[in-house]
Amino acid sequence: MDNWFKSKWFVRLASLAFAVFLYIFVNVTVNSSHSDPTFSGRADQSQTLDDVPVEIRIDEQNYVVSGVPQFVTVSLQGSPGNLTPLALQRNFDVFVDLQGLEEGDHVVELQHNISNDLTVFIEPKTIEVTIEERASEEFAVVADFINEDKMAPGYELVDYTLEPATVTITSSRSIIDQIGIVKVYVNLEGLDSSINNRELPVNVYDTQGNELTVRVAPENIQISAEVDNPSKSVPVSVETTGELPEGYALNSISANVDEVEVFSTSEVLDGISELSTEAIDLSEITESGTIDAQLSLPEGVNVPDMETIEVTVDVEQTFVFEGLTIEEENLPDGQAVTFVEPETAEMDVTVTGSEADIKGLTAEDIRIFIDLSDLEPGEHQIPITIEGPDLDDITITGELEEVTIAISELESNE
């Protein structure tokens, strides 16, 4: 018995018998439904199909049409044997036949190629269409750059190319005559490198800025754009605020770099001749050395890998000796001297130097004098000479550079 089931002839005979049985069953069922109106009415079904595409039959070489809906709704009614396969497979067409019609407006009926075994309702049943002469023209494409102000800081668009630079647009003559601009949109937000062959869709607008639905060939074009981050070298200056603590003097303050390379757009760079540091507070400085100073960068300016620079500060300590006596030298015998300006033979002296050098100085280490040699009686302006310790790093400055004196003859006692 097992060998029968394995025999190919047994399988073939079984299949044939099943096919004959199925044929007889279907015919009996169909004949019964046709012969019994009551049974037939119960078997009929209906189904609605949405979004059925509409085919346009027209001389596309010479005409274009408007007013034809892209999709329609089709309602079907009939026996399940006819209805179900058609609804599932949708192997039918809904179309509008415009062949042979002239240019202008027409009211036409939507048609189909569905079997007469089914009742068909199309919504809408009729439509109003406009047939116009087909026209094609070539238009130049322009690039519309958006978010250019949101590119990466310091970057700018230098140049660009479109490939192809023109497209062919096909539509009715009336629509072609309305075209105002053909363009692609290029988003530059965050861009910090050049664009190479980016594909973009082509958009068509009328003179009022309304988008037009037309046939564009090609539908997409490629853009390549050069993006640059310009730079230039500028000198650096050091900004300060406040004053050194009392007893200190600023000898010098300078950046340890002469120039820095700044990056920004060409427009911004044109307005930059130098960079400065953020203001350094001198009130916090009491010794010479180097400090890190933040660069003060205008908006949109970048100095890569250099947020701070070193600044060298050279400060000196100062001490004022007040009211030191101005001595007189080489006054001839028989003469007397009177101070006119200042009125007393005293002045202040300031000593500047490192704390170590001036720490041990006293007023006795400094001598101030004027040389009165060979002066005739009368008023004279005499330079002041100051002598102090012989130290290279100490500076001694007097309150005055010269004094005004008067020379007079002493009265004889004879």
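Quick caveat, the model's predicted, so the values are computed rather than measured. (Residues numbered from 1 in each chain as written. Predicted model: local features only at pLDDT ≥ 70, side-chain atom pairs only at ≥ 80, totals over all residues. Heavy atoms only, no water.)

1. Structural notes on the overall build of the protein
Stated precisely, the cut-off is as follows: In this text, helices come from DSSP runs of H or I with a minimum length of four residues, and strands from runs of E with a minimum of two, each type numbered from the N-terminal end. Residue contacts follow a heavy-atom distance rule, with two residues in contact if any of their heavy atoms lie within 4.5 Å.
Each helix and strand counted, the protein has seven helices and 31 strands in total. When contacts within the protein are restricted to residue pairs at least 6 apart in sequence, those whose partners lie at least 24 apart make up 70%.

2. So, the sheet that holds strand S6 (residues 111–112)
Our working definition: Any two strands with at least two DSSP-identified bridges between them are counted as paired. Between N-to-C directions, angles cover 0 to 180 degrees, with each direction set by a line fitted to C-alpha atoms, over the stretch in contact for helices.
As summarised here, the arrangement of the five strands in space is S6-S4-S1-S3-S7, forming an open sheet in which the pairing is mixed. Each edge of the open sheet carries a strand with a single partner, namely S6 and strand S7 (119–123). When strand S3 (residues 71–78) meets S7, the two strands line up antiparallel, connected through five bridges. Each bridged residue has a counterpart across the sheet, and for Val74 the counterpart in S7 is Ile122. Here helix H4 (residues 80–89) sits on the sheet and contacts strand S1 (45–57) and S3; the angle it forms with S1, its principal contact strand, is near 50°.

3. Overview of the side chain of Gln335
Condition: Only protein chains enter the accessibility calculation, which uses a 1.4 Å probe. A residue is then buried if its area is under 20% of the maximum for its type, exposed if over 50%, and partly exposed in between. Here a polar contact is recorded for every N or O atom pair within 3.5 Å, except that within protein the pair must consist of a potential hydrogen donor and a potential acceptor, and residues adjacent in sequence are included only if both atoms are side-chain atoms.
Take Gln335: it is sitting in strand S25 (residues 335–341). Since its relative accessible area comes to 10%, Gln335 is described here as buried. Here the side chain of Gln335 touches Leu375 through a polar contact of 3.3 Å, landing on its backbone oxygen.

4. Description of the nonpolar core
Put simply, the test is: What is meant by a nonpolar core is a set of buried Ala, Val, Leu, Ile, Met, Phe, Trp, Tyr and Cys residues, joined one to another through side-chain atoms within 4.5 Å.
Counting 26 residues, the largest nonpolar core has Val167, Ile169, Ile179, Val182, Val184, Val186 and Ile223 as its most contacted members. Contributions of two or more residues to this core are made by strand S8 (126–140), strand S9 (142–146), strand S11 (166–172), strand S12 (179–187), strand S13 (195–201) and strand S16 (220–228). Once residues within four sequence positions are removed from consideration, Val167 is found in contact with Glu137, Glu138, Phe139, Val141, Val182, Val202, Val216, Ala217, Pro218 and Ile221. Judged by nonpolar contacts, the second largest core, of 24 residues, contains Val68, Leu110, Leu118 and Val120.

5. A look at the sheet that holds strand S14 (residues 203–206)
Pairing in this open sheet of three strands is mixed, and the strands run S9-S12-S14 from one edge to the other. Among the strands making up the open sheet, the edge pair consists of S9 and S14. Neighbouring strand axes in the sheet, compared pairwise and without regard to direction, differ in orientation by 45° on average. As defined by bridge partners, S9 adjoins S12 across five bridges and the pair is classed as parallel.

6. Regarding H4
The test is simple: Arc, as used here, means the arc of the directions from the helix axis to the C-beta atoms.
All buried positions along H4 are accounted for by Leu83, Leu86 and Ala87. Down the axis of H4, the sector holding all buried residues measures 100°, keeping them to one side. The exposed set on the far side of H4, more than 90 degrees from its buried face, consists of Gly81, Leu88 and Gln89. Of the surrounding secondary structure, the elements contacted by the buried residues of H4 are S1 and S3. Downstream of H4 by one or two residues, Arg90 has phi in the positive range, about 50°.

7. Overview of the pattern of salt bridges
Where charged atoms of side chains with opposite charge meet at close range, the side chains can pair. To keep it simple, the criterion reads: Note on definitions: salt bridges are taken to be side-chain nitrogens of Lys or Arg within 4 Å of carboxyl oxygens of Asp or Glu.
Here the structure, examined in full by the defined rule, presents seven salt bridges. Put simply, Arg173 and Glu137 hold a salt bridge, and the shortest N to O gap is 2.8 Å. With Arg173 in helix H5 (residues 173–176) and Glu137 in strand S8, this pair connects stretches of sequence that are 36 residues apart. Using a relative accessible area of 30% as the deciding quantity, one classes Arg173 as partly exposed. One salt bridge in this structure joins Asp177 and Arg173, with 3.2 Å as the shortest N-O distance. Linked through salt bridges whose partners overlap, the residues forming this network are Glu327, Glu329, Arg367 and Glu387.

8. Focus on the confidence of the model for the protein
We count it as follows: Every residue gets a pLDDT, meaning the predictor's confidence in that residue, from 0 to 100.
Scored by pLDDT, the protein has a mean of 86; 88% of the residues are at 70 or more. Low pLDDT (under 50) marks residues 26–42, which in the prediction has two contacts with non-local residues, meaning those over four places away or in another chain.

9. Brief notes about the packing of aromatic side chains
Basically, it comes down to this: Side-chain rings of Phe, Tyr and Trp (the six-membered ring for Trp) are treated as a pair once their centres are within 6.5 Å; stacked means planes under 30 degrees apart, edge-to-face means over 60, and tilted covers the remaining angles.
For the coordinates displayed, the defined rule picks out three aromatic pairs. Their ring planes at 70° and their centres at 4.9 Å tell us that Phe145 and Tyr160 sit as a pair that is edge-to-face. Taken as a pair, Phe145 in strand S9 and Tyr160 in strand S10 (residues 156–163) lie far apart in primary sequence, 15 residues in all. Residue classification places Tyr160 among the partly exposed positions, given a relative accessible area of 33%. Plain terms: the ring middles of Tyr185 and Tyr205 are 6.5 Å apart, the flat faces sit at 85° to each other, and that makes the pair edge-to-face. Of the two residues, Tyr185 is situated in strand S12 and Tyr205 in strand S14; the sequence distance between them amounts to 20 residues. A residue is classified by how much of its surface remains accessible, and Tyr185, at 32% relative accessible area, is partly exposed.

10. As for the pairing of strand S26 (residues 346–353)
Of the strand pairs in this sheet, strand S24 (residues 308–329) and S26 are connected by seven bridges, and their pairing is antiparallel. Bridge pairing in S26 places Thr325 opposite Glu346. Strand direction decides the pairing type here: S26 and strand S30 (residues 395–398), joined by four bridges, are antiparallel. Directly across from Val349, in S30, lies its bridge partner Gly398.

11. What about the environment of Gly78?
Assignment of secondary structure puts Gly78 in strand S3. In the structure, Gly78 is positioned 41 residues away from Thr119 in sequence and 6.4 Å away in space, judged by C-alpha atoms.

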